[in-house]
Amino acid sequence: MPEADPLPPRICVLPGVYRPQQDTRLIASVLAATSLSAGSRVLDFCTGSGALAMVAVRSGAAHVTAVDTSARAVAAAWINARLRGLPIRVRRGGLVAAAEAGPFDLVVSNPPYVPGPEGALSGPAGHSARWDAGRDGRAVLEPLCAAAAELLRPGGSLLVVHSHVCGVSRTLSRLRGGGLDAAVVARSRVPFGPVMRRRSAYLQTHGYCRPGQDWEELVVIRACKPA
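Bear in mind that the values here come from a model prediction, so they are computed numbers and not experimental data.

## Regarding the pairing of strand β5 (residues 152–163)
At step 1: Within β5, 9 of the 12 residues are buried, leaving the element largely enclosed by the surrounding structure.
At step 2: Where strand β4 (residues 104–109) meets β5, 5 bridges bridge the pair, whose relative direction is parallel. If you follow Val 107 over to β5, its bridge partner there is Leu 158.

Have a look at this one:
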């Protein structure tokens, strides 16, 4: 039998908001299998449509906060939560807003991670803050890794998903350097989607993938803060 989709059906996605894809489903499957104790506080950072926040509620989280810098993403997450009657607090902002709402027992994040040339965040058609994250794809990952320990309660954990092209070992190193125990807990090899296909020449030129490579490996990393 086909594996059940971990995401709720009929998610509202406004124009300009990241639509849940393979990376969202991969981290959602790990989140859905995570045991959340009564009273758990969860942060969905870079929430987009609020998909992971909704999975967190369905998984038993008592308090869920969804944060995004995009006004449209905040609106989409709010709409999805209200349509389902879910107790999700939605806030616009970045890591400062997230830290003000914490600390949390669990932080989940599907941040932008696609490498691109300078100006990608506000450049020509085909570029978007939904996925572009600077020349090495780590414009959001680096500050998130640095702030992870502060966002978590003792015994809490971070779940973050990204592509191998922006450096799995770098993410593990940054998290471990912040005092967290970090490891890859899920992997999925998928064909390049439209964005990665358009960016393939840049990725090959800068050594993020091999010549002719048309696939990427998505990884979910769990980082735990000692109790």
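Back to the write-up after that little detour.
## A word on the confidence of the model for the chain
At step 1: On average, residues of the chain score 92 in pLDDT, and 94% of them are at 70 or above.
At step 2: When the criterion is pLDDT under 50, residues 120–125 qualifies, and its contacts beyond four places in sequence or with other chains add up to 6 contacts.

## What about the layout of surface pockets?
At step 1: Estimated volume of the largest pocket: approximately 900 Å³.
At step 2: Every residue lining the largest pocket is counted, 46 residues in all, and those nearest its centre are Tyr 18, Pro 112, Ala 129, Arg 130 and Trp 131.
At step 3: Among the secondary structure elements, those contributing two or more residues to the lining of the largest pocket are α1 (22–32), β1 (41–45), α2 (51–58), β2 (63–68), β6 (181–191), α7 (194–198) and β7 (215–224).
At step 4: The residue makeup of the lining of the largest pocket, split by class, is 26 nonpolar, 14 polar and 6 charged.

## A few points about the pattern of salt bridges
Side-chain pairs of opposite charge can arise where the charged atoms are in close proximity.
At step 1: One pass over the full model with this rule turns up 9 salt bridges.
At step 2: One salt bridge connects Asp 136 with Arg 170, and the closest N-O pair in it is separated by 3.4 Å. Taken together, the residues Asp 136 in the loop between β4 and α5 (141–151) and Arg 170 in helix α6 (residues 168–177) connect sequence positions 34 residues apart.
At step 3: On the basis of relative accessible area, Arg 170 is assigned to the partly exposed category, the value being 32%.
At step 4: Note that Arg 138 and Glu 142 form a salt bridge whose closest N and O atoms lie 2.6 Å from each other.
At step 5: By relative accessible area, which is 22% here, Glu 142 ends up partly exposed.
At step 6: Members of the salt-bridge network, linked through shared partners, are Asp 136, Arg 138, Glu 142, Arg 170 and Arg 174.

## Here we look at the packing of α1 against α2
To describe two helices that pack against each other, one gives the angle between their axes and the distance between the axes.
At step 1: At a closest axis distance of 9 Å, the pairing of α1 and α2 adopts a crossing angle of 20°. In this view, α1 runs roughly parallel relative to α2, as classed from their interaxial angle. As α1 runs across α2, the sense of the crossing is right-handed. The residues of α2 that touch α1, namely those facing Thr 24, Ile 27, Ala 28, Leu 31 and Ala 32, are Ala 51, Leu 52, Val 55 and Ala 56.
At step 2: For the contact of α1 with α2, the class distribution of residues is 8 nonpolar, 1 polar and no charged.

## Comments concerning unusual backbone geometry
At step 1: Look at the link from Gly 102 to Pro 103: it is a cis peptide, with omega at 5°.
At step 2: Within the chain, Arg 10 stands out as a residue other than glycine whose phi angle is a positive 55°.
At step 3: Relative to the assigned elements, Arg 10 resides in the segment before α1.
At step 4: Of note, the phi angle at Cys 46 is positive, near 65°, even though the residue is not glycine.
At step 5: Relative to the helices and strands, Cys 46 is located in the loop between β1 and α2.
At step 6: Judged by relative accessible area, Cys 46 falls into the buried class, the value being 19%.

## Some words on the side chain of Asp 132
At step 1: Of note, Asp 132 is situated in the loop between β4 and α5.
At step 2: Only 3.3 Å separates the side chain of Asp 132 from the side chain of Trp 131, close enough to count as a polar contact.

## A word on the sheet that holds β7
At step 1: Judged by pairing direction, the sheet is mixed, and its 7 strands sit side by side in the order β3-β2-β1-β4-β5-β7-β6 without closing on themselves. Each having just a single partner strand, β3 (88–92) and β6 make up the two edges of the open sheet. Averaged over neighbouring strand pairs, the angle between their axes works out to 15° when direction is ignored.
At step 2: Note: β1 against β2, 5 bridges, orientation parallel. Across the sheet, the residue bridging to Arg 41 is His 63, located in β2.
At step 3: Lying over the sheet, α6 contacts β5, β6 and β7, oriented at roughly 160° with respect to β6.

How each quantity is defined
- Residues numbered from 1 in each chain as written.
- Predicted model: local features only at pLDDT ≥ 70, side-chain atom pairs only at ≥ 80, totals over all residues.
- Heavy atoms only, no water.
- Buried < 20%, exposed > 50% of the residue type's maximum accessible area, 1.4 Å probe, protein only.
- Helix = DSSP H or I, 4+ residues; strand = E, 2+ residues; numbered from the N terminus.
- Pairing = 2+ DSSP bridges.
- pLDDT = per-residue confidence, 0-100.
- Contact = heavy atoms within 4.5 Å.
- 1 Å grid on protein atoms, 1.4 Å probe; cavity = no way out; pocket = protein on both sides within 12 Å on 5 of 7 lines; lining within 4 Å.
- Points joined across faces, edges and corners; volume = space filled by probe spheres on them.
- Nonpolar A, V, L, I, M, F, W, Y, C, P; charged D, E, K, R; others polar.
- Salt bridge = Lys/Arg side-chain N within 4 Å of Asp/Glu carboxyl O.
- Axes fitted to C-alpha atoms, helices over the stretch in contact; angles between N-to-C directions.
- Parallel < 35°, antiparallel > 145°, perpendicular 65-115°, else oblique.
- Left-handed = near helix turned anticlockwise from the far one by under 90°.
- Polar contact = N/O pair within 3.5 Å; in protein donor to acceptor, adjacent residues only side chain to side chain.

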